[in-house]
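Letter by letter, the chains look like this.
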Amino acid sequence: MHCQKALSLVALAANLASSTPSLLQPRFCPGGNDIQCCVRTCSWDEKPGFCQSTSNTCSGGAYNPEAHCPGADNIQCCLATCSTQSGDGVCQWTGSPCQGKYLSGACPGPSDVQCCVGGSTTGPPSPGTGVPGVDISDLAPDSFWGCAASKWQVVVIQGYIQGCSVGGLVNGNFVANYRAAKAAGIPRIDTYLFPCTGTQDNGVACKPPATQIAELFAAVDSNGMTIDRYWFDLEPTPGGECNAWNLGKAANEALAKQWVAALQNSGRPWGIYANGNQWDGMFASRSTDVGSQLPLWAVQQDFVPGVDTVTTFMGGWTSAVAKQYNLDTTDCGWTGGVDLDSFL
């Protein structure tokens, strides 16, 4: 996830929370806990919008409470159209992609919400390379899957979670989500393992890498699943759930290399999901290489699909095979936390 003003999430000090308290989200930016992400964008049915308090006007459109915005119930997605002398457009945050041009004075909201005008080019950018995909962890409702099959060719389902209380655990939603995706006819189904890697407050030790991998494989095999690729989710949870990768940079590097060796010895195809902006928080530097021999699924929240648009490399990688470009959004009528991706 990028944390810079040119993109859709802005790294902000927590002392700015008085002005935008409900839009700040921890854990997604490098640095201390006082550096957080300000989430300004939202969408519904592929129409862009912006998050703000419902105490402000949404002229030219309407608030959609089902489109995901972080924070309190009164922080909702304003989906508004606009008209200018140059043509009609949509109102969105100026940090979001606009293949036309931004014009001020035609939209509700703050000054950095403007009218994106560009005729046939208004709205989301061209797809770039790769096929559209989605990744989920929660249990998706039945109504989600028919829509999902019409939009995405790849679904990645969380198969394993940190499981602080036991040192690693198969996600209880894994089997049901897999069966629903299979029944819907989605052609490629992947899974990801979010490992237990930290020191637990309850004193429970994380299971060895080989054990966590074996438990995931047992769930796959005993339920007759066909998994195209397995992904290793390599990200910290600073001050959060299960204290992932809190061992110190040298110990983190040693453990990550142990994990990668276990993945390679498992006999199944693996890749690594990671965010370049989190890398030097876990390891000695952004260039520390713990597993570049495996393909990269890069996290770069810039709302631009296409694997060829990845620019945030680290750890020895110079290319990616997948890109996560929109995190924790709403799609196909589900607010459960849908992440949008492109896959080669």
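Residues numbered from 1 in each chain as written. Predicted model: local features only at pLDDT ≥ 70, side-chain atom pairs only at ≥ 80, totals over all residues. Heavy atoms only, no water.

## Topic: the overall build of the chain
Then step 1. A count of helices and strands for the chain gives five helices and 19 strands.
Then step 2. Per-residue burial over the chain gives 51% buried out of 344 residues.
Then step 3. Taking as baseline every contact in the chain between residues at least 6 positions apart, the subset at least 24 positions apart corresponds to 63%.
Then step 4. Here the chain has roughly 14000 Å² of accessible surface; of this, 51% comes from carbon and sulfur atoms. (Helix = DSSP H or I, 4+ residues; strand = E, 2+ residues; numbered from the N terminus. Buried < 20%, exposed > 50% of the residue type's maximum accessible area, 1.4 Å probe, protein only. Contact = heavy atoms within 4.5 Å. Areas by Shrake-Rupley, 256 points an atom, 1.4 Å probe, with all protein chains shown as cover.)

## Some thoughts on helix H4 (residues 249-264)
Then step 1. A rise of 1.5 Å per residue sets the reference length of H4, with its 16 residues, at 22 Å; its end C-alpha atoms lie 22 Å apart and thus fit the reference within 8%.
Then step 2. Taken together, the buried positions of H4 are Asn 252, Leu 255, Ala 256, Trp 259, Val 260, Ala 262 and Leu 263. The arc that holds the buried residues of H4, viewed along the axis, is 160°, so those residues lie on one side.
Then step 3. Buried positions along H4 lie against strand E14 (188-193), helix H3 (209-222), strand E15 (230-233), strand E16 (270-274) and helix H5 (279-282). (Expected span 1.5 Å × (residues − 1). Arc of directions from axis to C-beta.)

## Some thoughts on unusual backbone geometry
Then step 1. Phi is positive for Trp 245, which is not a glycine, with a value near 55°.
Then step 2. Mapped onto the fold, Trp 245 is located in the loop between E15 and H4.
Then step 3. Its identity as a non-glycine residue notwithstanding, Asp 328 has a phi of 55°, on the positive side.
Then step 4. Structurally, Asp 328 can be placed in strand E18 (residues 322-331).

## A short note on the pattern of salt bridges
Then step 1. Tallied over the entire structure, the rule returns seven salt bridges.
Then step 2. As a salt-bridge pair, Asp 190 and Arg 188 come within 2.7 Å of each other at their nearest N and O atoms. Both residues of the pair, Asp 190 and Arg 188, belong to the buried class.
Then step 3. Each of Arg 188, Asp 190 and Asp 228 takes part in a single network of salt bridges with overlapping partners. (Salt bridge = Lys/Arg side-chain N within 4 Å of Asp/Glu carboxyl O.)

## Notes on the confidence of the model for the chain
Then step 1. With 85% of its residues at a pLDDT of at least 70, the chain reaches an overall mean of 84.
Then step 2. Residue range residues 1-22 is modelled with pLDDT below 50. Its contacts to residues more than four positions away, or to other chains, number 69 contacts. (pLDDT = per-residue confidence, 0-100.)

## Some thoughts on the nonpolar core
Within soluble globular proteins, side chains that are nonpolar generally end up buried alongside one another.
Then step 1. Formed by 56 residues in total, the largest nonpolar core has its most connected members in Phe 144, Trp 145, Phe 232, Leu 234, Trp 245, Trp 270 and Trp 279.
Then step 2. No other element matches H4, which puts six residues into this core.
Then step 3. For Leu 234, the contacting residues outside a window of four places in its chain are Trp 245, Ile 272, Tyr 273, Ala 274, Trp 279, Met 282, Phe 283 and Val 290.
Then step 4. In this structure, Val 154, Phe 194, Tyr 273 and Trp 297 belong to the second largest nonpolar core, which totals eleven residues. (Core = buried A, V, L, I, M, F, W, Y, C linked by side-chain atoms within 4.5 Å.)

## Focus on the packing of aromatic side chains
Then step 1. Enumeration over the complete set of coordinates arrives at 14 aromatic pairs.
Then step 2. With a centroid separation of 5.2 Å and 65° between ring planes, the pair formed by Phe 144 and Trp 334 is classed as edge-to-face. You can see Phe 144 sitting in helix H1 (residues 142-151) and its partner Trp 334 sitting in strand E19 (residues 334-343), a full 190 residues away along the chain. Each member of the pair Phe 144 and Trp 334 is classed as buried.
Then step 3. Note on Trp 245 and Phe 283: the rings are 6.4 Å apart at their centroids and 65° apart in plane angle, and the pair reads as edge-to-face. (Phe/Tyr/Trp six-rings, centres within 6.5 Å; stacked < 30°, edge-to-face > 60°.)

## Concerning the state of the cysteines
Then step 1. Here the structure, examined in full by the defined rule, presents seven disulfides.
Then step 2. Paired through a disulfide, Cys 58 and Cys 78 show a sulfur-sulfur distance of 2.0 Å. With the S-S bond torsion at 95°, the cross-link from Cys 58 to Cys 78 turns out right-handed. Of this pair, Cys 58 sits in the loop between strand E5 (47-53) and strand E6 (61-64) while Cys 78 sits in strand E7 (residues 75-84); the two residues are 20 residues apart in sequence, bridging distant segments of the chain. For the pair Cys 58 and Cys 78, a shared accessibility class is recorded, and that class is buried.
Then step 3. Between the sulfur atoms of Cys 91 and its disulfide partner Cys 107 the distance amounts to 2.1 Å. (Disulfide = S-S within 2.5 Å.)

## Some thoughts on the environment of Val 117
Then step 1. Tracing the backbone shows Val 117 in strand E10 (residues 113-117).
Then step 2. According to the relative accessible area criterion, Val 117 is buried, its value standing at 4%.
Then step 3. Counting along the chain gives 32 residues from Val 117 to Gln 85, while the straight-line C-alpha distance between them is 10.0 Å.

## Topic: the side chain of Asp 331
Then step 1. Checked against the element boundaries, Asp 331 lands in strand E18.
Then step 2. Overall, the relative accessible area of 8% leaves Asp 331 in the buried class.
Then step 3. Those residues in contact with Asp 331 that lie beyond four places of it in its chain are Phe 144, Lys 151, Trp 152, Val 338 and Leu 340.

## Quick word on the pairing of strand E11 (residues 131-136)
Then step 1. Sheet topology places E11 next to E19; five bridges connect them, and they run antiparallel. Note that in E19 the partner of Gly 133 across the bridge is Asp 341.
Then step 2. In this region the chain leaves E11, passes through H1 and returns to the parallel neighbour strand E12 (residues 154-161); the handedness of that crossover is right-handed. (Pairing = 2+ DSSP bridges. Right-handed = clockwise from strand over helix to strand, strands pointing away.)

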